[in-house]
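# Per-entry structural report
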Amino acid sequence: MQQLQRSSPTMWAMTLVQWNQFIDFCKSTPKWQEIKNQNGHVNLYDMNKHFVIPWTRGTGCSVAVLMNKHTPLEAKVMLSHAWAEDMEECQEALNKHFDDEHIAEDTAVWFCGFGLYQPEDAHGPTIQEQIELQPFTKVIASESVKTTSGRMIAVHTTRADLWERLWCVREVREAMSLDVTITAAMSDAYGETFKKKYSRIVNVGGGHKSALKVAGVTVDTAKAKCRDEDSDMLFEKLFEHCKGGDLQAIDDATSNLRASLVNHLALEVALDAAKSGKPQALVDLVKLGDLEAVDGLHEVADAGGEQARDALFDVLQSIAAANKDHMKHGWYSLCWKDRQSAFQLVITLLQTMAKRQHMQSFSLLEEFDGRPPYGMVGPPDQVRSNLVRMAVENYDKLRGSRAHYDELSGWAERHNKNVDNYRENVDVEAWRCQHAKLSLQALANQGNQHAVEKLITLAKGRDSSAKEALQSLAEQWNRQVLQAIRDVAKEAWASEMLEKCKKSLHSLN
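Residues numbered from 1 in each chain as written. Predicted model: local features only at pLDDT ≥ 70, side-chain atom pairs only at ≥ 80, totals over all residues. Heavy atoms only, no water.

### Digging into the sheet that holds strand 4 (residues 151-156)
- Pairing is mixed in the open sheet, where 5 strands are placed in the order 1-3-2-4-5. The open sheet has two free edges, formed respectively by strand 1 (14-15) and strand 5 (182-186), since each of these has just one partner strand.
- In the sheet, strand 2 (residues 77-80) pairs with strand 4 via 4 bridges, with the strands oriented parallel. Across the sheet, residue Ser80 finds its bridge partner in strand 4, namely Ala154. (Pairing = 2+ DSSP bridges. Helix = DSSP H or I, 4+ residues; strand = E, 2+ residues; numbered from the N terminus.)

### Focus: the nonpolar core
- If you look at the biggest cluster of nonpolar residues, it comprises 145 residues, and the most contacted ones within it are Trp19, Met47, Phe114 and Tyr198.
- Ranked by the residues each element gives to this core, the list is headed by helix 22 (residues 341-355), at 9 residues.
- Every residue in contact with Tyr198, bar those within four places of it in the chain, is listed here: His208, Ala211, Leu212, Ala215, Ala266, Val269, Ala270 and Ala281. (Core = buried A, V, L, I, M, F, W, Y, C linked by side-chain atoms within 4.5 Å. Buried < 20%, exposed > 50% of the residue type's maximum accessible area, 1.4 Å probe, protein only. Contact = heavy atoms within 4.5 Å.)

### Structural notes on the pairing of strand 5
- Judged by how many residues are buried, strand 5 sits mostly within the fold: 5 of 5 residues are covered.
- With 5 bridges connecting them, strand 4 and strand 5 associate as parallel partners. Its bridge partner lying in strand 5, Met152 is registered against Ile182.
- In this fold, the crossover linking strand 4 to strand 5 by way of helix 11 (residues 166-177) has right-handed handedness. (Right-handed = clockwise from strand over helix to strand, strands pointing away.)

### As for the pattern of salt bridges
- Going through the model one piece at a time under the given rule, you end up with 19 salt bridges.
- With a closest N to O distance of 3.6 Å, Glu174 and Arg170 form a salt bridge. With Glu174 and Arg170 both in helix 11, this residue pair falls 4 residues apart, about one helical turn.
- Overall, Glu174 belongs to the buried group, its relative accessible area being 9%.
- The shortest N-O distance in the salt bridge between Asp220 and Lys223 comes to 3.9 Å. (Salt bridge = Lys/Arg side-chain N within 4 Å of Asp/Glu carboxyl O.)

Encoded structure:
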């Protein structure tokens, strides 16, 4: 065991169950309560002084190594945290995160306070000797942490900010450079504190970036603290990941990551603000490529009150005005011929509000090409309506029958397709199948969940035309389709579609 402590840092791990057991045992002692009564909480410095060092002194082995002396564990999860944090709050945050992420309790975690031998006696390696083994680098770079089931967890609590600790900034930057999955464990108190600060800005019409600053979601590496003897080494490691020794580049990269970790909290507050007529933060999140924020805009456009729709309209109108050169040829050209997906979102939201009798939206849509968008008003085309219903209800029959040729011809004419020319280029069976899928696409666009599910099933079966249909609907920002694609995001084709949608949103300036 002592040799393990001197040579194999990736094996200084313990399961989450063991991590909890050790902390719970410490909490059961009179000493814990004494410290808590005196300071209001117990941090890792306290635990190290009063529990870790006394209980491991003379063994030459850390808590984690002692608890797994017969079968050492290789770390799969790296925990990045601040020693000054409240350990009970840290425990709450981590256990909640494991539950939320469905991580098994027997997963091996690497927690520096329990992984390194702390006593600084003659029976084991010194802290400096262990640091020279580069334990943090080796754990982060290990295959077990870099795999799909491994990760780094950044623990967020209210008593101490891990981003003000230079060790943590360095650990996170190392993980980013190796494409290690990084997630955040947050205590309930941390989440509520963030939302309270963030809401101060967005509830009065402020944007997302300003709200993040007020909430303190930034990183200033120059002010991050560590032991004096560690400073040179940590900065040297950090500069390995940026050109020209630029701390600002490090701050920008880690600040962006930090912002992404609280994005779900920001989205919750921004959506509430948008429903109250302050949509700027929600729109900002959309511009950053957040597809859940797109869902939020759909919700405001479809079910928001008059004040919320008026405010959203003002934002959409400003986007349209800023891109008037792109839109001057009319919405039809813009959204279908030119395939400007980001601007299609503007059109889709305006259409939704117009259908809800928001006359300003209707007027702006008319302004794009002098007439209401196709399908905006009036009864749906009967031929098309019958066809799409038939395509879903009698999909298998359609594949083997020519009985619906006239209906298909009528539908194709409405969509500027020449059925006869189309049939000359493909065999009849393929033609019938293709038009069935186009019909599925049309019905899916009307919100038919059965049609959406059928297209997803076909796409998962590697049907290229179904994928094309889904891609087209995604580019039209069909809310149900986007959600269905997100549900199967592990599929390579689905992931590519989502990334394409996210990237397109960056042009909404």
